[in-house]
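Read off the chains here:
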Amino acid sequence: ATPDILAMAGRKAALALPAPKNKEELLRHVNIISAVDVTSLASRGVDQLLLRQRGEELQRICDEILAQRPSAINGQPSHKSQKGHRGQRNGSAQKESGWLLACLFVVGLTLPYYVCVSYRSWFVDEGFAIYRNPDAKGETALMQVLRNDFWGTSLNPPEGYITHKSWRPLITLMYAAEWLLCARYGFQGMEMQPMRFISCVVHSLNSALVLLALRLASLPLGWSCLGASMFAAHPIHIENIVYLVGRADALSTTFYLLALITYQALALKRQTVSIRCYILLATLNVLSGLCKEPGFTALFYIFCVELAFRCRWRDVSMLLGLFVVLAALRTWYVGGTDAGFGYVDTPIKYQDARTYGTEAKALLVRTLSYLFQHAYYAKILVLPWNQSWDYSFESLPMLTVLEDLRLQLILAAYLAISATATAALRLRRQAPALLLGLGLIVVPFVPMSNLFFLVGTTIGERLLYPLTVGWALVLAGLGFQSHGTRMGGCLKWASISLLVIYIVNSNIRMSHWKSPAILFMKDAEHWHRSVKVLHAKASELQAKGDLVEALEHYQRSLDIFDDQAITDYCIARILINLGRFQEAYQRFDKILNGHGIGLHDGNDFLWMTDLGYLMVRLGSDAQGANYLQEGLRRMPYSSYAWNALGVAQGRQGQLREALESLSQGLQVEPENPVIWSNMATIYAFGQAPEQASQALREALRLNATHPAVAHNVQALSGGAQEPILDLF
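As the structure is a prediction and not an experimental result, all values here were calculated from the model. (Residues numbered from 1 in each chain as written. Predicted model: local features only at pLDDT ≥ 70, side-chain atom pairs only at ≥ 80, totals over all residues. Heavy atoms only, no water.)

### Some details on the overall build of the protein
Counting its regular elements, the protein contains 33 helices and zero strands. Counted over contacts in the protein with a minimum sequence separation of 6, partners at least 24 positions apart contribute 68%. A total of about 34,100 Å² of accessible surface is found on the protein, and carbon and sulfur atoms cover 60% of it. (Helix = DSSP H or I, 4+ residues; strand = E, 2+ residues; numbered from the N terminus. Contact = heavy atoms within 4.5 Å. Areas by Shrake-Rupley, 256 points an atom, 1.4 Å probe, with all protein chains shown as cover.)

This is the structure we're talking about:
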């Protein structure tokens, strides 16, 4: 017999032996199994603990043989064999009961997250992805959805637009179906609530699938339950549950897990893999990738598992070939991997020789800074603390020298990965969960590492969702492997303590996501060097009417990175509201003179309408009218902009055009007293007293105490004053 066959000691090898005809033959079989097993184990240098475990397994084998083949021993059934049958049935029932209880416990840990179904706010980029995206609202033809990226932009965008190549049609179509169902069943205006319920269900399902994957990795129920519980309660997942954009990572992980479970059940312990299994794995890989880009690595992950555990070259080549073909097709369809991201979101990319003097120095900065991102990902994978909705520029400062103490975190992270990899390879037969888990940490991380493809964020907590499956497998595998030792006891209690911390922190983090105001305020307490976090807090203060403090936080954001057109624009709006018009004009002048990062064809109507309004306010009617007309052509739903345009045209004697502009403003806001008052003035200038009187009566009905309305009443009633045109 070859060494591989001799090493097949265990339950399967025992049951494969011919049925013993008497007790002596049974004992001889036990001696054969023991000798082969101990010899192979001793040759591998396995410790005494493992030998004892195999001895206990051998004892269980004998009990099973006695229970399963009673008639073959001594030729007749015995009282003990009948008891064995009953014990086997009882044991099976206990296992089923234990599995059900474990599953209920794990899923139960996800139930507190369903509180987010009551949250009625949209967060961050959900507007671009869902409620302002025609693709996600079911308003776009199916074929066009397949030609657009996740944000509704064409994969071949026209000049002036960019695509991030984030092609996730399965998620977009899922949003569209949910949006249409909400409209049908009376949830208009509350679409985010049933959509968040579905995200909660996806997470609960994933938690149960993780438990199943752990059990299929030959882990006992206790450690499987603990590992799955760590996944279910991980605080990182809050962003995937509440923030609907994060569902892409969660659903992608669902199909990734199904691919792993399929391979565990249908291939890992078999001599050959059927074509049907390959088709199923490829299908799950595609479904995972159509939810989120890292999902296309599922086949590569299984290829690595096959290489480590079975190493059947036919299967290895088949898996690798399928992965290469599908990845190449996806890359070709979206037009490559090059994507445009701004400086604030991906600052490391822009560190070049112009900043550091030489390309060698810039390369060192980029390398160290990317490696520190990897280390920080490892840190929040194990113990997330003081989380943030966005890790933009300066949240994690650049590493510029080798003497930076943060290099210790990089060394710790990569040494931990290396040590785990060494142990996992050595113990892959006894503890397969270690290697399976390590692969689930490393392989899905590669696309988000910024080493091969640019990712549109510095750190993205939601991107870690599939990696937490690997973390659960590694932790459970380590716990099982060290069972019965002092270290094993310490690890068990440390894991339980960590689980308690996860449960507490995840529920605290869920409370932060109750509304954008709470989220932005809480995150700004710890991330006061993050450009976007400071900007978001300022926007909430501005919405609450606290303009002075909002101005302070906008300026703090600019102090970190000055080239932010959106922040300068927000400051200009506050200065207009405070009546500081010349300072506001200086902000617009800064934007127009080379500081336009953040403004593009999709949002340039903002500065056009407000700059036009400001120019009219300052008396430059002709120039202001030009800006207003261009901005309103792009976004015609601004009543104050239409009013300002009407005022500018009226001052220039363009009375017909002024009336048309004011009428457009009334279509946007029919009960605005200032627009009605301005219409009365324009009619008066045009010698139309009856129409002027009607417009003025409407203004009086809406707000008789408004200064402009009161002034025009006196002026148009025969007073000595001229009627005025007012802005708001």
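### A few points about the packing of aromatic side chains
This structure, assessed with the given rule, holds 25 aromatic pairs. Judged by centre distance (5.9 Å) and plane angle (65 degrees), the rings of Trp607 and Tyr627 are edge-to-face. Of the two residues, Trp607 sits in helix α27 (residues 605–617) while Tyr627 sits in helix α28 (residues 621–634), which places them 20 residues apart along the sequence. Of the residues examined, Tyr627 reaches a relative accessible area of 21% and is grouped as partly exposed. (Phe/Tyr/Trp six-rings, centres within 6.5 Å; stacked < 30°, edge-to-face > 60°. Buried < 20%, exposed > 50% of the residue type's maximum accessible area, 1.4 Å probe, protein only.)

### Side note on the confidence of the model for the protein
Confidence in the prediction of the protein, expressed as mean pLDDT, is 86, and 86% of residues score 70 or more. Residue range residues 1–12 is modelled with pLDDT below 50. Its contacts to residues more than four positions away, or to other chains, number 17 contacts. Here residues 69–78 scores under 50 on pLDDT; set against residues more than four positions off or in separate chains, the count is 23 contacts. (pLDDT = per-residue confidence, 0-100.)

### Points about the side chain of Glu540
The residue Glu540 is located in helix α23 (residues 531–543) in this model. There is no salt bridge for the buried Glu540, and the closest opposite charge comes from Lys544, which lies 7.3 Å off by N-O distance. (Lys, Arg positive; Asp, Glu negative; His and termini not counted. Salt bridge = Lys/Arg side-chain N within 4 Å of Asp/Glu carboxyl O.)

### So, the packing of helix α9 (residues 192–216) against helix α20 (residues 465–481)
The geometry of α9 relative to α20 is characterised by a closest axis approach of 11 Å and an angle of 35 degrees between their N-to-C directions. As α9 packs across α20, the resulting crossing turns out to be right-handed. Between α9 and α20, the contacting residues are His203, Asn206, Val210 and Leu214 on the first element and Tyr465, Val469, Ala472, Leu473 and Ala476 on the second. A per-class count over the contact of α9 with α20 returns seven nonpolar, two polar and no charged. (Axes fitted to C-alpha atoms, helices over the stretch in contact; angles between N-to-C directions. Left-handed = near helix turned anticlockwise from the far one by under 90°. Nonpolar A, V, L, I, M, F, W, Y, C, P; charged D, E, K, R; others polar.)

### As for the side chain of Lys292
Mapped onto the elements, Lys292 comes out in the loop between α13 (275–289) and α14 (298–309). Within the structure, the side chain of Lys292 is placed 2.7 Å from the side chain of Asp249, a separation counted as a polar contact. Excluding residues that lie within four positions of it along the chain, Lys292 makes contacts with Arg168, Ala248, Asp249, Ser252 and Leu463. (Polar contact = N/O pair within 3.5 Å; in protein donor to acceptor, adjacent residues only side chain to side chain.)

### Focus: the pattern of salt bridges
In a structure, side chains of opposite charge can pair up when their charged atoms sit close to one another. One pass over the structure, following the stated rule, counts 27 salt bridges. The shortest N-O distance in the salt bridge between Arg587 and Asp568 comes to 2.8 Å. Placement of the pair is Arg587 in helix α26 (residues 581–592) and Asp568 in helix α25 (residues 565–577), with a sequence separation of 19 residues. On the basis of relative accessible area, Asp568 is assigned to the buried category, the value being 0%. One salt bridge connects Arg634 with Asp604, and the closest N-O pair in it is separated by 3.0 Å. Of this pair, Arg634 sits in helix α28 while Asp604 sits in the loop between α26 and α27, and the two are 30 residues apart along the sequence. For Arg634, a relative accessible area of 32% puts it in the partly exposed group.

### Considering the environment of Ala543
With respect to the helices and strands, Ala543 occurs in helix α23. Separated by 26 residues in sequence, Ala543 and Ala517 have C-alpha atoms that sit 9.4 Å apart.

### Quick look at the packing of helix α17 (residues 359–382) against helix α18 (residues 407–426)
At a minimum axis separation of 8 Å, α17 and α18 run at an interaxial angle of 60 degrees. The pairing of α17 with α18 is recorded here as oblique in orientation. Handedness of the α17/α18 crossing: left-handed. Taking contact as the criterion, the partners of Leu368, Leu371, Phe372, His374, Ala375, Tyr376 and Ala378 in α17 are, on α18, Leu407, Leu409, Ile410, Ala413 and Tyr414. Across the contact of α17 with α18, the residue classes tally to 11 nonpolar, one polar and no charged. (Parallel < 35°, antiparallel > 145°, perpendicular 65-115°, else oblique.)

### Observations concerning α20
Across its 17 residues, α20 extends 25 Å between first and last C-alpha, which sits within 8% of the 24 Å expected from 1.5 Å per residue. In terms of burial, α20 is largely enclosed, as 14 of its 17 residues are buried. (Expected span 1.5 Å × (residues − 1).)

### Notes on α28
In a regular helix each residue adds 1.5 Å, so 14 residues correspond to 20 Å; α28 covers 20 Å between its end C-alpha atoms and thus fits that length. Among the residues of α28, those classed as buried are Asp621, Gly624, Ala625, Leu628, Gly631 and Leu632. One side of α28 holds all its buried residues, which, seen down the axis, span an arc of 135 degrees. Turned more than 90 degrees away from the buried face of α28, the exposed residues are Asn626 and Arg633. (Arc of directions from axis to C-beta.)

### Some points on unusual backbone geometry
Although it is not a glycine, Asn386 adopts a positive phi angle of roughly 50 degrees. The topology assignment puts Asn386 in the loop between α17 and α18.

### Notes on the state of the cysteines
For the structure on display, the rule yields zero disulfides. Here Cys200 is not cross-linked by a disulfide; its sulfur's nearest cysteine counterpart is in Cys116, at 3.6 Å. Taking the relative accessible area as the measure of exposure, Cys200 reaches 2% and is therefore buried. (Disulfide = S-S within 2.5 Å.)

### Let's talk about the environment of Glu669
Mapped onto the elements, Glu669 comes out in the loop between α30 (655–668) and α31 (673–685). Judged by its relative accessible area of 32%, Glu669 is partly exposed. C-alpha of Glu669 to C-alpha of Ser639: the two residues are 30 residues apart in sequence and 6.1 Å apart in space. Setting aside its immediate chain neighbours within four residues, Glu669 contacts Ser639 and Phe728.

### Description of a nonpolar patch on the surface
Taken together, the side chains of Ile417, Val442, Val446, Leu451, Phe452 and Phe453 define a hydrophobic patch exposed on the protein surface, amounting to about 510 Å² of accessible area. In this fold, Val442 is placed in helix α19 (residues 432–442). The partly exposed category is assigned to Val442, whose relative accessible area is 35%. (Patch = residues over 30% accessible without salt bridge, like charges linked within 9 Å, V, L, I, M, F, W, Y side chains within 5 Å.)

### Some points on the environment of Gly489
Its location among the elements puts Gly489 in helix α21 (residues 486–512). A relative accessible area of 29% places Gly489 in the partly exposed class. C-alpha separation for the pair Gly489 and Gly479, spaced 10 residues apart in sequence, amounts to 8.4 Å.

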